[in-house]
Amino acid sequence: MTEVKQKVDLTPIFLAGIVGVAIVCRVIYLIELSSTPFFRFPVLDAEYYFRWGSKLALGGVRVLPGFQGNPLYPYFLAFLIRFAQAGPLLIRIVQHGLGVITCLLIFRSGTILFGRKTGLVAALFYAIYIPAIFYEGWFLSASLTAFLAAALLSSLLTAQKDFQRGRWLGCGLLAGLLILARPTLLPFGILLWIIFAFKKRTAGLWVRPLLFLTGILLIITPARSEEHTSELQSH
């Protein structure tokens, strides 16, 4: 009898190991950070964002006078503070959790674009990427921005395979959140819109970009309108 050798797929094992490495690196960093004064007393931009988020959680000002920051992140902090009763430790745990999820999203996108090996290498790189781990421990928008960017790319790659209107609208919503998290990424959002929405010349060519653009506007328009109203009220 001829034995048929089945090739064992070790990808799940390697991916689980990468997730483990990402968690261990972040736990070590969090322990080290907790022994410094910056853990309870943030400074500079981190202080502004935390104070802004705390005021929002109490129903206070929507725009903090004298500081022009990225508008989504303070609302993210306010949500955690108000509904999860989050303090400095829990907020950092959530942000590190987003970092671990970002590793998985990078693996998924890398696998779709270049294969499993590349996806694993990319995920491992992000798992041990020191700047990412560092900023996840501060009250800054970097961890949220990285998560949204990875989620958007993964969603676009999925939506590109088939035509489902809900997916393209969802991609637009993610793009809108990403732009609010980092307004300077607006050109990046426009580039993605052009590349993915018009890549396949099939029937209903304009439906995909219109849905994507609609999702962006559904997020950005009310946020900018609210910010403008709050600025007028503060003067």
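Enquirer: What am I meant to see in the overall build of the protein here?
Expert: Scanning the protein for helices and strands turns up 10 helices and zero strands. Across the 235 residues of the protein, 40% fall into the buried class. Long-range contacts, defined here as pairs at least 24 residues apart, represent 69% of the contacts in the protein between residues at least 6 apart. Carbon and sulfur atoms make up 70% of the accessible area of the protein, which amounts to about 13,500 Å² in all.

Enquirer: How do you make sense of the nonpolar core when you look at a structure like this?
Expert: Grouped burial of nonpolar side chains is what soluble globular proteins tend to show. Ranked by internal contacts, the top residues of the largest apolar core, which has 43 residues, are Tyr 73, Ile 91, Leu 144, Leu 148, Leu 152 and Phe 212. The residues touching Tyr 73, leaving out its near neighbours within four places in the chain, are Tyr 49, Gln 95, Trp 138, Phe 139, Leu 140, Ser 141 and Leu 144. In this structure, Ala 22, Val 100, Cys 103 and Tyr 126 belong to the second largest nonpolar core, which totals 11 residues.

Enquirer: Explanation requested: a nonpolar patch on the surface in the structure shown.
Expert: On the surface, a cluster of nonpolar side chains totalling about 420 Å² of accessible area is made up of Val 8, Leu 10, Ile 13 and Phe 14. Of note, Phe 14 is situated in helix 1 (residues 11-34).

Enquirer: Just to check I follow, could you spell out the pattern of salt bridges for this structure?
Expert: A side chain with one charge may pair with a side chain of the opposite charge, provided their charged atoms come close. Following the criterion strictly, the structure yields one salt bridge and no others. Residue Arg 26 pairs with Glu 136 through a salt bridge whose shortest N-O separation is 2.7 Å. Remark: Glu 136 occurs in helix 6 (residues 130-136) and Arg 26 occurs in helix 1; sequence separation between them is 110 residues.

Enquirer: I tried to follow the environment of Ala 146 on my own but got confused; where do I start?
Expert: For Ala 146, the position within the fold is in helix 7 (residues 142-159). Each C-alpha atom, one on Ala 146 and one on Leu 98, is 8.6 Å from the other, the two residues being 48 residues apart in sequence. Not counting residues up to four positions away in its chain, the partners in contact with Ala 146 are Thr 102 and Tyr 126.

Enquirer: Even after reading the chapter, I still don't get the confidence of the model for the protein, so can you show me in this structure?
Expert: Atomic detail in the predicted coordinates should be set aside for any region of low pLDDT. Of the residues in the protein, 79% reach a pLDDT of 70 or more, and the chain-wide mean stands at 80. Across the protein, helix 5 (residues 116-127) holds the top mean pLDDT of 93, while helix 9 (residues 186-197) sits lowest at 65.

Enquirer: Whenever I open this one, the side chain of Ser 109 confuses me. Can you help?
Expert: Topologically, Ser 109 is positioned in helix 4 (residues 88-114). Those residues in contact with Ser 109, other than ones at most four positions away along the chain, are Ala 150, Leu 153, Ser 154 and Leu 157.

Enquirer: Help me understand the packing of helix 1 against helix 4, please; the structure alone is not making it clear to me.
Expert: Think of two packed helices as two axes; the pair is described by the angle between the axes and how far apart they sit. Contact geometry for helix 1 and helix 4: axes closest at 10 Å, N-to-C directions at 155 degrees. As far as their axial angle goes, helix 4 and helix 1 are roughly antiparallel. Helix 1 and helix 4 meet at a crossing whose hand is right-handed. Taking contact as the criterion, the partners of Thr 11, Leu 15, Val 19, Ala 22, Ile 23, Arg 26, Tyr 29, Leu 30 and Leu 33 in helix 1 are, on helix 4, Leu 89, Arg 92, Ile 93, His 96, Gly 99, Val 100, Cys 103, Leu 104 and Phe 107. Residue classes in the contact of helix 1 with helix 4 are distributed as 13 nonpolar, three polar and two charged.

Enquirer: Just checking my understanding: could you explain helix 7 for this structure?
Expert: Residues three or four positions apart in an α-helix share a direction because the helix packs 3.6 residues into each turn. End to end, helix 7 covers 25 Å across 18 residues, agreeing with the expected 26 Å (1.5 Å per residue, within 8%). Taken residue by residue, helix 7 has Ser 143, Leu 144, Thr 145, Leu 148, Ala 150, Ala 151, Leu 152, Ser 154, Leu 156, Leu 157, Thr 158 and Ala 159 as its buried positions.

Enquirer: Got a minute to help me understand the side chain of Ser 143 in this structure?
Expert: Examined against the element boundaries, Ser 143 turns out to sit in helix 7. Using a relative accessible area of 4% as the deciding quantity, one classes Ser 143 as buried.

Criteria and cut-off values
Residues numbered from 1 in each chain as written. Predicted model: local features only at pLDDT ≥ 70, side-chain atom pairs only at ≥ 80, totals over all residues. Heavy atoms only, no water. Helix = DSSP H or I, 4+ residues; strand = E, 2+ residues; numbered from the N terminus. Buried < 20%, exposed > 50% of the residue type's maximum accessible area, 1.4 Å probe, protein only. Contact = heavy atoms within 4.5 Å. Areas by Shrake-Rupley, 256 points an atom, 1.4 Å probe, with all protein chains shown as cover. Core = buried A, V, L, I, M, F, W, Y, C linked by side-chain atoms within 4.5 Å. Patch = residues over 30% accessible without salt bridge, like charges linked within 9 Å, V, L, I, M, F, W, Y side chains within 5 Å. Salt bridge = Lys/Arg side-chain N within 4 Å of Asp/Glu carboxyl O. pLDDT = per-residue confidence, 0-100. Axes fitted to C-alpha atoms, helices over the stretch in contact; angles between N-to-C directions. Parallel < 35°, antiparallel > 145°, perpendicular 65-115°, else oblique. Left-handed = near helix turned anticlockwise from the far one by under 90°. Nonpolar A, V, L, I, M, F, W, Y, C, P; charged D, E, K, R; others polar. Expected span 1.5 Å × (residues − 1).

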